[in-house]
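Understanding the architecture of this molecule
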Amino acid sequence: MTTPSITIGVLALQGAFEEHQRCIESISPSITTLQIRTPSQLSQIDGIIFPGGESTAMGLIGDATTGLWGALRTFVRESGKPTWGTCAGMILLAERCVGTSAVITKGQSLIGGVDILVCRNYFGSQISSFEMDTPAPPRPEVCVDGMTSCSSAEEGENASFPGVFIRAPAILTAGAGVEVLGKVVAAPCRAAAVVLRELERKIEAGEDVIQMGVVDALERKAGGGIRYADVRLHKEGEQTANYEEEKKEVNVVQERINIDLPGASDETNAREVICAVKKGNILCTAFHPEIADDLRWHEYFVGMVLASKQSA
């Protein structure tokens, strides 16, 4: 079938945005891309990709760009148009993150939208980058001429995808309504292992975990399992005159969810972690599909955008 004209934005604050553009535009001449740096550009696109790179740098630049972070939150949560986050971009779309950068004093600046708990740099530093087989994406919701994913119902259906992990995060838990598209078994790097051991210790002890300007109270339920309670320090958009004083005074639990960290092997400390999820119009992958010589994940996202445009 003929590909309808669509425009896919790529957040271009930092990271591998040009690589994503090349992948997307190679699928069909009817698909164009746009580098997104200002809020006004969001009205021109049918979907957006948050690329891999450095999530801390993206957060700092995004916070410093007037209106951009708020406009991106609105786009992701309210527009209904597809959003895809890869590696650092996945971190930005997570609701919760551990292992935040030491240069951030009040927590990682997140856009949110997907109920997942992410561990930054789970797989190690830049020099520990590697490639491993990961589950292939589903067949695109809408297929067009030229998509290798749609060339045959059987060809490549069960073939793995070459996942490139560069300082990559891992998803530790996914909430209700989040579809898990892929898992891998891998040991955390030394720094991530320390973060996870401390988190497990706090969970077992029922202690509070303070991060991202949010007090996350973890407490054991009488029947087993863990309750995870968000205690927001202030409403979004409000100015906090005295952060420490407000932290003492506010004690309103907004939500409770179960949190179950993936178990670790006694011998290797390897855990089964999540590397790809989808929730409604939002797709997340922990690895870098734009670096692999394989367009299947980009074709899957294009299918999401086409389906969204058809239903609009």
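Rules of the game
Residues numbered from 1 in each chain as written. Predicted model: local features only at pLDDT ≥ 70, side-chain atom pairs only at ≥ 80, totals over all residues. Heavy atoms only, no water. Helix = DSSP H or I, 4+ residues; strand = E, 2+ residues; numbered from the N terminus. Buried < 20%, exposed > 50% of the residue type's maximum accessible area, 1.4 Å probe, protein only. Contact = heavy atoms within 4.5 Å. Areas by Shrake-Rupley, 256 points an atom, 1.4 Å probe, with all protein chains shown as cover. Pairing = 2+ DSSP bridges. Right-handed = clockwise from strand over helix to strand, strands pointing away. Salt bridge = Lys/Arg side-chain N within 4 Å of Asp/Glu carboxyl O. Phe/Tyr/Trp six-rings, centres within 6.5 Å; stacked < 30°, edge-to-face > 60°. pLDDT = per-residue confidence, 0-100. Expected span 1.5 Å × (residues − 1). Disulfide = S-S within 2.5 Å.

**With respect to the overall build of the protein**
Secondary structure assignment for the protein yields seven helices and 16 strands. Counting all 312 residues of the protein, 52% fall into the buried class. Within the protein, contacts between residues at least 6 apart in sequence are counted, and of these 72% link residues at least 24 apart. Accessible area for the protein stands at about 14200 Å²; split by element, carbon and sulfur atoms hold 48% of it.

**Quick word on the pairing of strand 2 (residues 31–36)**
Sheet analysis places strand 1 (residues 6–11) next to strand 2, joined by six bridges and oriented parallel. Following the sheet pairing, Gly9 is matched in strand 2 by Leu34. The parallel pair strand 1 and strand 2, bridged by helix 1 (residues 17–25), forms a crossover whose chirality is right-handed.

**Re the pattern of salt bridges**
The final tally for this structure, using the stated rule, is six salt bridges. Between Lys309 and Asp46 there is a salt bridge, with the nearest N and O atoms lying 3.8 Å from each other. You can see Lys309 sitting in helix 7 (residues 296–311) and its partner Asp46 sitting in the loop between strand 2 and strand 3 (47–50), a full 263 residues away along the chain. Residue classification places Lys309 among the partly exposed residues on the basis of a relative accessible area of 39%. Among the salt bridges present, the one from Glu95 reaches Arg77, with a minimum N-O distance of 3.1 Å. Of this pair, Glu95 sits in strand 5 (residues 94–98) while Arg77 is found in helix 3 (residues 68–78), placing the two residues 18 residues apart along the sequence. By relative accessible area, which is 25% here, Glu95 ends up partly exposed.

**Thoughts on the packing of aromatic side chains**
In total, this model carries nine aromatic pairs according to the counting rule given. Ring centres of Phe130 and Phe165 lie 5.2 Å apart, and the angle between their planes is 10°; on these two criteria the pair is classed as stacked. You can see Phe130 sitting in strand 7 (residues 130–134) and its partner Phe165 sitting in strand 8 (residues 161–165), a full 35 residues away along the chain. Members of the aromatic cluster, joined through ring pairs, are Tyr122, Phe123, Phe130, Phe161, Phe165, Phe287, Trp297 and Tyr300.

**Some words on the confidence of the model for the protein**
Confidence in the prediction for the protein averages 77 pLDDT; 69% of positions are at 70 or higher. Of all the helices and strands in the protein, helix 6 (residues 243–249) carries the lowest mean pLDDT, 34, while strand 16 (residues 282–285) carries the highest, 98. When the criterion is pLDDT under 50, residues 102–106 qualifies, and its contacts beyond four places in sequence or with other chains add up to five contacts. The low-confidence segment residues 210–258 (pLDDT under 50) makes 95 contacts with residues lying over four places distant or belonging to another chain.

**Description of helix 5 (residues 190–205)**
Think of an α-helix as turning once every 3.6 residues; residues three or four places apart then point the same way. Here helix 5 spans 23 Å end to end across 16 residues, near enough to the 22 Å set by a 1.5 Å rise per residue. For helix 5, every residue scored as buried is listed here: Ala192, Ala193, Leu196, Leu199, Lys202 and Ile203.

**Some points on the state of the cysteines**
Per the stated rule, a full pass over the model turns up one disulfide. For Cys143, the disulfide goes to Cys150, at an S-S distance of 2.0 Å. Residues Cys143 and Cys150 are joined by a disulfide whose S-S torsion is about -75°; by sign, that bridge is left-handed. Under the relative-accessibility criterion, Cys143 is labelled partly exposed at 21%. You can call Cys150 buried: its relative accessible area is 15%. In this model Cys189 remains outside any disulfide bridge; the closest cysteine sulfur is found in Cys119, 7.2 Å from its own.

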